[in-house]
Amino acid sequence: MNEGTCFSPEDQQFVDRAMDFCQQMGERAVLMLIGSRAAGFTDGWSDLDLCIIGDKHHLSDEDRETYEQIWQLFVDRGDFEAHWSFYDEGDLRAWLETCPDEMMWVVANSRVLYGCSSTAEELKHHYCVYPPAIAERKLKWMFGKYYFSQRGPLAMAARNKMETAFVAVGNVVEYLCKICCVADRQPFPYEKWVVEAAKQTRLGAMVYPSIQRAIDGIGDFLDPPADRNWRDWVPVKELRGTLPIVQSGLRELGWVGDWVDDPNAAYFDETARRPAP
C-alpha cells in the first residue's frame, strides 16, 4: 500500500476489496488511485476512483462475459462515491496507442496503491505524452475551434442572445485550456478538471489571467453597459485578447507553421473539414 495515501475507514474497506480482486488478476496486476484525488484536485466532492490493470484470463466466467461486452469491468460501492474499473493490460495498451485524451490523462496522473508498480511505470513512460505528430494534429484542430468560437459566437451577446453568448464563453475557455495542455504534449482531462490542468502548463500561465478576468466580468452580458461598444464588454475583450498570447506562446513552445500565423485558414483547412482528432 502506498504509505502517503490516507483514506477514511469506509473508503479503506472499499480499497481492501479492490486489493483482494487485484491479487487474483495475475503477477503484473496493479491497483491505482486515479481521478481528482490522484491528480491533486481533491475537494469535498471528490469520488474515490480506482483502477485495476491485470490479465483478463483470470476473470471469472461471469466477469469475463461482462468485460468482453464493454471492455471494462466496473464495480461501484453502491453510493456512487467509490468505484473501480478493471482493464486487461493488453487491451489497455492497444487503446492507449490510439491516444485517447482522457484515458491518457488518467494513466499519467495515477498513483500506485498496490501491486506491480512496474506495470504502471511502463504505461506512464509510453503513454503519458502525445507523440509530436499527434499533438500537432490535435493542436491545429483545436486552434481553429478556439478561433472560431471567440469570433462570431461571442458577438451574440450584442444581439441579446445571452444563452448563446454563455455557450460561446464556455467553448472558448474549453478549447483554450485544451490547447494549453496539448501544447505541452500533455493529455487533457474530462471537462470538469480541464481548467485546473491547463493552469499548470506553460501556456496556461500566460492565458489564465485573461480567463479569470473574462469570467469575473460576465456581468457585462447580464447588464450590458450602455457606454461601451460590445467589443469592449469584458468577456469579449478578454477572450478575444487571448489570441496573440496563444500565438506567441505556441511559437515559444516550438509550434510554428501557417496554422499558427493564420488561424482563419487553420479553421477552414483543419477544423471545418475534419472531426476532432
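Scoring rules and cut-offs
The residue count restarts for each chain, going from 1 along the sequence in the order it is written. For a predicted model such as this one, the threshold for reporting local features is a pLDDT of at least 70, and the threshold for listing and counting side-chain atom pairs is 80 or more; totals across whole chains, interfaces and linings nevertheless cover every residue. The side-chain values count all of the structure's non-hydrogen atoms but skip hydrogen atoms and water molecules. Under the scheme used here, helices are H or I runs from DSSP no shorter than 4 residues and strands are E runs no shorter than 2 residues, and both carry numbers assigned from the N terminus. For the exposure calls, accessible area comes from a 1.4 Å probe over protein chains only, and a residue counts as buried if that area is under 20% of its type's maximum, exposed if over 50%, partly exposed in between. Contacts were defined at the residue level, with two residues in contact if any of their heavy atoms lie within 4.5 Å. Per-residue and other accessible areas were derived by the Shrake-Rupley procedure at a 1.4 Å probe size, with only the shown protein chains allowed to occlude residues. Working definition: a ring pair exists when centres of Phe, Tyr or Trp rings (six-membered ring for Trp) sit within 6.5 Å. Plane angles under 30 degrees give stacked, over 60 give edge-to-face, the rest tilted. Here the nonpolar core consists of buried residues drawn from Ala, Val, Leu, Ile, Met, Phe, Trp, Tyr and Cys, with membership extended through side-chain atoms lying within 4.5 Å. Counted as a polar contact is a pair of N or O atoms within 3.5 Å, where, for protein atoms, one must be capable of donating a hydrogen and the other of accepting one, and residues adjacent in sequence contribute only when both atoms are in side chains. Strands are treated as partners if at least two bridges between them are detected by DSSP. Axes here mean lines fitted to C-alpha atoms, for a helix over just the part in contact, with angles spanning 0 to 180 degrees between N-to-C directions. In the sections that follow, a salt bridge refers to a side-chain nitrogen of Lys or Arg positioned within 4 Å of a carboxyl oxygen of Asp or Glu. Every definition here rests on a 1 Å grid over the protein atoms only: cavities are sets of points where a 1.4 Å probe fits but cannot get out, pockets are open sets enclosed by protein on both sides within 12 Å along at least five of seven lines, and lining residues have some atom within 4 Å of a point. Grid points are joined across faces, edges and corners, and a volume is the space filled by probe spheres set on the points. The nonpolar class holds Ala, Val, Leu, Ile, Met, Phe, Trp, Tyr, Cys and Pro. Asp, Glu, Lys and Arg form the charged class, and all remaining residues, Gly among them, are polar. Each angle is binned into one of four classes, with values under 35 degrees roughly parallel, values over 145 roughly antiparallel, values of 65 to 115 roughly perpendicular, and all other values oblique.

A.B. asks: Describe the overall build of the protein, and please don't skip the residues or the numbers.
C.D. replies: A tally of helices and strands in the protein yields 15 helices and five strands. Here the C-alpha coordinates of the protein stretch approximately 65 × 40 × 35 Å along the principal axes. Residues counted as buried form 48% of the 277 residues belonging to the protein. Contacts in the protein between residues at least 24 apart in sequence constitute 67% of all its contacts with a sequence separation of at least 6. Total accessible area on the protein stands at roughly 13,800 Å², and carbon and sulfur atoms take up 49% of it.

A.B. asks: Can you lay out the packing of aromatic side chains for me, pointing to particular residues and giving the numbers?
C.D. replies: In this structure the tally under the stated criterion is 15 aromatic pairs. Seen in terms of ring centroids, tyrosine 267 and phenylalanine 268 are 5.1 Å apart; in terms of plane orientation they differ by 80°. Their pairing is edge-to-face. Here phenylalanine 268 falls in the partly exposed class, since its relative accessible area comes to 45%. Members of the aromatic cluster, joined through ring pairs, are Phe21, Tyr67, Trp71, Trp84 and Phe86.

A.B. asks: Requested: an account of the nonpolar core, with residues and values cited.
C.D. replies: It is characteristic of soluble globular proteins that their nonpolar side chains tend to be buried jointly. Ranked by size, the top nonpolar core spans 67 residues in total, and within it Phe143, Tyr146, Ile179, Phe221 and Leu250 carry the most contacts. Sort the elements by how many residues they give to this core and helix H8 (residues 162–183) lands first, with 14 residues. If near-sequence neighbours (up to four positions away) are discounted, leucine 250 is found in contact with Leu139, Phe143, Ile179, Ala183, Leu203, Trp255, Trp259 and Val260. Counting 23 residues, the second largest nonpolar core, distinct from the first, contains Ala38, Leu50, Ala82 and Phe86.

A.B. asks: Any chance you could break down the side chain of histidine 83 for me, citing the residues and the numbers?
C.D. replies: In this structure, histidine 83 sits in strand E4 (residues 82–88). We classify histidine 83 as buried; its relative accessible area is 11%. In terms of polar contacts, histidine 83 uses its side chain to reach the side chain of aspartate 76, at 3.2 Å. Beyond its immediate sequence surroundings of up to four residues, histidine 83 is in contact with Phe14, Asp47, Leu48, Asp49, Leu50, Phe74, Val75 and Asp76.

A.B. asks: Got a sec to walk through the sheet that holds strand E1 (residues 30–34)? Specific residues and values, please.
C.D. replies: Strand order in the open sheet formed by five strands is E3-E4-E2-E1-E5, and the pairing between neighbours is mixed. Since the sheet does not close on itself, it has two edges, and those belong to strand E3 (73–76) and strand E5 (111–115), each with one partner. The mean angle between the axes of side-by-side strands here comes to 20°, regardless of whether they run parallel or antiparallel. Where E3 lies against E4, four bridges are found, and the strand directions are antiparallel. Opposite leucine 73, over in E4, you have phenylalanine 86 as the bridge partner. Across the face of the sheet, helix H4 (residues 89–96) comes into contact with strand E2 (48–54) and E4 while running at roughly 85° to E4.

A.B. asks: Explain the pattern of salt bridges to me, and be specific about the residues and the numbers.
C.D. replies: Inspection of the entire model under this criterion finds 19 salt bridges. Note that aspartate 11 is salt-bridged to arginine 37, the shortest N-O span being 3.2 Å. With aspartate 11 in helix H1 (residues 9–23) and arginine 37 in helix H2 (residues 35–39), this residue pair connects regions lying 26 residues apart in the sequence. A salt bridge links arginine 202 to aspartate 184; its shortest N-O distance comes to 2.7 Å. A residue pair is termed long-range when its members are at least 10 positions apart, and arginine 202 in helix H10 (residues 202–216) and aspartate 184 in the loop between H8 and helix H9 (194–199) qualify at 18 residues. Classification of arginine 202 by relative accessible area gives exposed; the value is 51%. A cluster of three or more residues bridged by salt bridges with shared partners is formed by Asp11, Arg37, Arg77 and Asp79.

A.B. asks: A description of the layout of surface pockets should follow, citing residues and the corresponding values.
C.D. replies: The computed volume of the largest pocket comes to approximately 230 Å³. Taken together, 16 residues form the lining of the largest pocket, with Ile34, Ser85, Tyr87, Met103 and Val106 sitting closest to its centre. Sorting the residues of the lining of the largest pocket by element identifies E2, E4 and helix H5 (101–108) as the ones contributing at least two each. Here the lining of the largest pocket gets four residues from one element, more than from any other, and that element is E4. Looking at the lining of the largest pocket residue by residue, the class counts come to ten nonpolar, four polar and two charged. If you add up the space inside the second largest pocket, you get close to 170 Å³. Every residue lining the second largest pocket is listed: Ala39, Phe41, Trp105, Ala108, Asn109, Cys128, Cys181, Gln186, Pro187, Ala197 and Gln200. Grouping the constituent residues of the lining of the second largest pocket by class yields eight nonpolar, three polar and no charged.

A.B. asks: Report on the packing of H4 against H5, specifying residues and quantitative values.
C.D. replies: Where H4 meets H5, the closest approach of the two axes is 10 Å, and the angle between their N-to-C directions is 125°. In terms of orientation, H4 and H5 fall into the oblique class. For the pair H4 and H5, contact is made by Leu92, Trp95 and Leu96 and by Met103, Met104 and Val107, respectively.

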